[in-house]
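Observations on chain architecture
Now for the letters of each chain:
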Amino acid sequence: DRDDAPYRLLENDLGLPSKPDGYTHLFDNRSLVPKGHPVIRFRGALDLLQAHVLDAQIAAMDEGLDGLVGDLDDVLEYLRKVMAAEVSGRPMPRPVVAGFDPEELHRISHQTSRFLDVGWVVPRASMGRTVVKLNLLRAFCRQVEIVAHDAFAGGDSHLSKEARQELLHGFNRLSNAFYVLVCRAVVLAEARRRKPAS
């Protein structure tokens with residue numbers, strides 16, 4: 001082990017002349033971790049969630065639900081800021097989707113009849129691709145929240161206590177946001193079906 005070794009394992013501070021197989025950068029060459037490290041799993045899940053958001057945007061475009069495309073842009077912006085904040089140590093963002101802050105998203109998701117004029121939605125294939133993909137996002141977001149909990153809930157995380165709490169709370173509210181978008185998609189699709197042909 002040499003102090004001037006270009007690579008270093010985070011787990012034991014072992015210096016190495018080259019990056020070993022099965023390891024990747026937590027931050028840089030001096031913080032290599034196994035690819036199964038909880039933070040690396042979180043980053044992979046976050047990357048996959050963004051890919052699912054893009055897929056849902058294409059479905060919304062194809063079905064003429066353009067308002068939802070912008071709402072999903074809000075989600076992408078939030079997810080990308082989370083990724084940057086986790087790596088850089090900057091403060092965690094708060095999810096704001098369709099103009100609603102986290103508390104509003106939570107309230108609306110629990111009172112959809114009052115705010116969205118639709119009752120409890122149990123997605124079905126007949127509701128269309130956008131609704132199905134938004135529901136997939138909602139379900140997968142809950143899995144990302146669990147992965148984030150595994151990576152950051154403990155006291156040995158590189159994130160501050162406040163950042164960890166904001167991150168976990170943010171993903172909890174993001175799943176509320178996806179359910180709100182499911183409901184909005186149902187309402188918008190129904191309005192399009194009822195609109196008389198010109």
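Attention here is on the structure that accompanies the text. Fair warning: this is a prediction, and the values are worked out from it, not measured in the lab. (Residues numbered from 1 in each chain as written. Predicted model: local features only at pLDDT ≥ 70, side-chain atom pairs only at ≥ 80, totals over all residues. Heavy atoms only, no water.)

**Side note on the side chain of Ser109**
Applied cut-off: A helix here means a DSSP run of H or I that spans at least four residues, while a strand means a run of E at least two residues long, and both kinds are numbered starting from the N terminus. Throughout this description, a polar contact denotes any pair of N or O atoms lying within 3.5 Å of each other; where both atoms belong to protein, one of them has to be capable of donating a hydrogen while the other can accept it, and for residues adjacent in sequence the pair is counted only when both atoms sit in side chains. Should any heavy atoms of two residues lie within 4.5 Å, those residues are counted as being in contact.
Among the structural elements, Ser109 can be located in helix α3 (residues 102-110). Engagement of the side chain of Ser109 in a polar contact is seen with the side chain of His110, the distance being 3.1 Å. When neighbours within four sequence positions are excluded, Ser109 is seen to be in contact with Asn176, Tyr179 and Val180.

**A word on helix α5 (residues 129-152)**
This is how the line gets drawn: Here the expected length of a helix is defined as 1.5 Å per residue gap, with one fewer gap than residues. Think of it in three bands: with a 1.4 Å probe and only protein chains considered, a residue is buried below 20% of the maximum accessible area for its type, exposed above 50%, and partly exposed in between.
Between its first and last C-alpha atoms α5 spans 34 Å; for 24 residues at 1.5 Å apiece the expected length is 34 Å, and the two agree. Where α5 is concerned, the buried positions are Thr130, Val131, Leu134, Leu137, Phe140, Cys141, Val144, Glu145, Ala148, Ala151 and Phe152. Residues of α5 that are buried in the fold lie against α1 (38-62), α2 (66-88) and α6 (161-194).

**Quick notes on α2**
If you check α2, its first and last C-alpha atoms are 33 Å apart, about what 23 residues at 1.5 Å a residue would give, namely 33 Å. For α2, the complete set of buried residues consists of Leu68, Val69, Asp71, Leu72, Val75, Leu76, Tyr78, Leu79, Val82, Ala85 and Glu86. In the core, the buried residues of α2 are packed alongside α1, α5 and α6.

**Topic: the packing of α1 against α6**
Rule in force here: To obtain an axis, a line is fitted to C-alpha atoms, over the contacting stretch when the element is a helix, and the angle between two such axes runs from 0 to 180 degrees between their N-to-C directions. Our angle categories are set so that under 35 degrees counts as roughly parallel, over 145 as roughly antiparallel, 65 to 115 as roughly perpendicular, and the remainder as oblique. In this scheme the handedness of a crossing depends on how the near helix is turned from the far one: anticlockwise by less than a right angle means left-handed, clockwise means right-handed.
Relative to each other, α1 and α6 sit at 25°, their axes nearing to 15 Å. In this view, α1 runs roughly parallel relative to α6, as classed from their interaxial angle. Along this stretch, α1 crosses α6, giving a crossing that reads as left-handed. Contacts from Phe42, Leu46, Leu49 and Val53 of α1 reach α6 at Leu167, Phe171, Leu174 and Phe178.

**Some points on the nonpolar core**
Applicable threshold: Side-chain atoms within 4.5 Å link the members of a nonpolar core, which is a set of buried Ala, Val, Leu, Ile, Met, Phe, Trp, Tyr and Cys residues.
Ranked by size, the top nonpolar core spans 53 residues in total, and within it Phe42, Phe171 and Leu174 carry the most contacts. Top contributing element to this core by residue count: α6, with 14 residues. Sequence-distant contacts of Leu174, that is, excluding residues within four places in its chain, are made with Leu49, Val75, Tyr78, Leu79, Val97 and Cys141.

**Let's talk about the packing of α1 against α2**
Working note: a packed helix pair is described by the angle between its axes plus the distance between those axes. Running from N to C, α1 and α2 cross one another at 165°; their axes reach a closest spacing of 9 Å. One finds that α1 runs roughly antiparallel with respect to α2. Seen along the crossing, α1 lies across α2 with a hand that is left-handed.

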